[in-house]
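Coordinate inspection notes
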Amino acid sequence: MRAPSTRNPDEKVHCASCRAYICLYAEALEMLENTPRSEDEKLMEDAVNRDK
Ligand SMILES: [Zn+2]
């Protein structure tokens, strides 16, 4: 997944490879907080944190 560079919670998150719409950035962050860790989530968290 690909985090929006704007950090706007209303921004849409898209798949990094095929650009398919996944969910809103706010929902993605919520997902990370509320679900047990899996490889996918770790990958996404890395993507979210990368541009800091
Ligand atoms: Zn994809």
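Residues numbered from 1 in each chain as written. Predicted model: local features only at pLDDT ≥ 70, side-chain atom pairs only at ≥ 80, totals over all residues.

In this sheet, strand β2 (residues 21–24) lies alongside strand β1 (residues 12–14) in antiparallel orientation, the contact comprising three bridges. Note that in β2 the partner of V13 across the bridge is C23. Taken together, β1 and the strand that follows it, β2, pair antiparallel across an intervening segment of six residues, in which R19 is found at a positive phi of about 65 degrees. (Pairing = 2+ DSSP bridges. Helix = DSSP H or I, 4+ residues; strand = E, 2+ residues; numbered from the N terminus.)

A separate point is the confidence of the model for the protein chain. Within the protein chain, residue pLDDT values average 82, and 87% of them lie at 70 or more. Across the protein chain, β2 holds the top mean pLDDT of 93, while helix α2 (residues 39–50) sits lowest at 74. (pLDDT = per-residue confidence, 0-100.)

Moving on, we get to unusual backbone geometry. Within the chain, R7 stands out as a residue other than glycine whose phi angle is a positive 65 degrees. Position of R7 among the secondary structure elements: in the segment before β1. In this structure, R19 takes a positive phi of about 65 degrees despite not being glycine. Secondary-structure assignment places R19 in the loop between β1 and β2.

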